[in-house]
Amino acid sequence: PGRGGLTGGDAAALAAAAAVVVSLAVLLFSLDAIEQNEYGLKYNWITADLHEDVYHGGTHLIGFWNRFIVFPATVQTIEFSDRPLLATAPMLHTRTKEGLGLFLSISFQYVLEPTRIRELFTLTNIHYESLFERLARENLLEAASEYEGPQYWLEREEIGEHMRVLVADSLAESCARLWGLQLQVIDLPDSYEQVITNTQVQQQIVRTRENEQLAAAVRASTEVLSADYARQIQVVLANATANLTRQTGLAQAEAGRRKIAAEAEAVGYVRRTLGLSADDAVRYEQAHALTALPNATFMASAGGAETGATVRTAAAASRMVPAPSLL
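Just so it is clear, the model here is predicted, and its values are computed rather than measured. (Residues numbered from 1 in each chain as written. Predicted model: local features only at pLDDT ≥ 70, side-chain atom pairs only at ≥ 80, totals over all residues. Heavy atoms only, no water.)

### Comments concerning the nonpolar core
Inclusion rule: Only buried residues count toward a nonpolar core. Its members are Ala, Val, Leu, Ile, Met, Phe, Trp, Tyr and Cys residues joined through side-chain atoms within 4.5 Å. The cut-offs for exposure are 20% and 50% of the maximum accessible area for each residue type, with area from a 1.4 Å probe on protein chains only; residues under the lower value are buried, those over the upper are exposed, and the others partly exposed. Secondary structure follows DSSP: runs of H or I at least 4 residues long count as helices, runs of E at least 2 residues long count as strands, and numbering of each begins at the N terminus. By definition, residues are in contact when any of their heavy atoms lie within 4.5 Å.
By size, the foremost hydrophobic cluster in this structure holds 44 residues, and its most contacted members are Leu104, Phe108, Phe132 and Met163. In terms of residue count, helix α3 (residues 128–144) provides more of this core than any other element does, eight residues in total. Excluding residues that lie within four positions of it along the chain, Met163 makes contacts with Leu104, Ile106, Leu140, Ala143, Ala144, Leu181 and Leu183.

This is the structure:
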């Protein structure tokens, strides 16, 4: 080699280094990343060819001649309203079935069908949201014009469901799925809304009166039931009192019968034991009965003495003085 030239070994090393740098550059430019909340289609920018596979989140080796066209994987919102920073389109303006001016604020949410991303790109390129907005506008205005003014007060839920079905069907045909729809604001002419408000107030007053009458009827029925229950309670108490009196009388009668039987048995026992005659038994019973009387006095034989003895039979004394002899 001449002065200042490269040797064969140096040239080979330089070529190898250049190859490595080129390889790393090719590898680096062959990588592309997708966010976790995105879908990606691999697009060949040289041949303008679109691959079938749909990628989701992460870094992928796709070749430097390809790049990703990304689509959202999360719920997206389109809102027809006048709210700053939230509205994606102006409020919807149409007329009711009877010709009244009508402004509607409606929002809906959608998600893209991942298996139909390539079909969606073929249909709209990346301008799918403008398509969804146009389809929703057409269906919402069509549904809104089918109802009269009062129905927006009385059948708001049914109208919202009708709109939801129409938008869901149109999105399903365009590779998306409706996630939800909200009928936010219904704006009719002020004069008409005032009439409807007055009508609703009157209807509410009528319903209030009806409820008051119903409450009065319930109270009256409750009072009748209360009086009937009070009467039944009195009947039950009267029957219970009568039954108590009857049972008490029966118990007292039974007790008296048993007492008489016991006394008769006791008298018989005394007669047999003492050998009393019938007259003596009568005198014994008379004397025994006198001892039970308070402050009673009687004369009794003193066993042949010339004078009799006076016995005071007070309740306490009767327990202390021995019974007189009847013989």
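Let's pick the thread back up.
### With respect to helix α2 (residues 117–124)
Rules: Arc definition: directions from the helix axis to the C-beta atoms.
Considered for burial, the residues of α2 that qualify are Ile117, Leu120, Phe121 and Thr124. The arc enclosing the buried residues of α2, seen along the axis, measures out at 100 degrees, which places them on a common side. In α2, the exposed positions angled more than 90 degrees off the buried face are occupied by Thr122 and Leu123. Positive backbone phi, at 60 degrees, marks Asn125, one or two positions downstream of α2.

### A closer look at the packing of α3 against helix α5 (residues 156–172)
Pairs of packed helices are described in terms of their axes, by the angle between the two and the distance that separates them. Let me state the cut-off plainly: Comment: axis = line fitted to C-alpha atoms, over the contacting stretch for helices; angle = value between 0 and 180 degrees taken between N-to-C directions. Roughly parallel here means an angle under 35 degrees, roughly antiparallel means over 145, roughly perpendicular means 65 to 115, and every remaining angle is called oblique. In this scheme, a crossing is called left-handed if the near helix is turned counterclockwise away from the far one by less than a right angle; it is called right-handed if the turn is clockwise.
In the contact formed by α3 and α5, the axes pass within 9 Å of each other and the chain directions differ by 150 degrees. When the axes of α3 and α5 are compared, the pair comes out roughly antiparallel. Handedness of the crossing formed by α3 with α5: right-handed. Listed contacts from α5 to Phe132, Leu135, Ala136, Asn139, Leu140, Ala143 and Ala144 of α3 are His162, Met163, Leu166, Val167, Ser170 and Leu171.

### Digging into the environment of Leu123
Considering the arrangement of structural elements, one finds Leu123 in helix α2. Placed 52 residues apart in sequence, Leu123 and Cys175 show a C-alpha to C-alpha distance of 9.3 Å. When residues no more than four places from it in sequence are discounted, the contact partners of Leu123 are Leu131 and Ser174.

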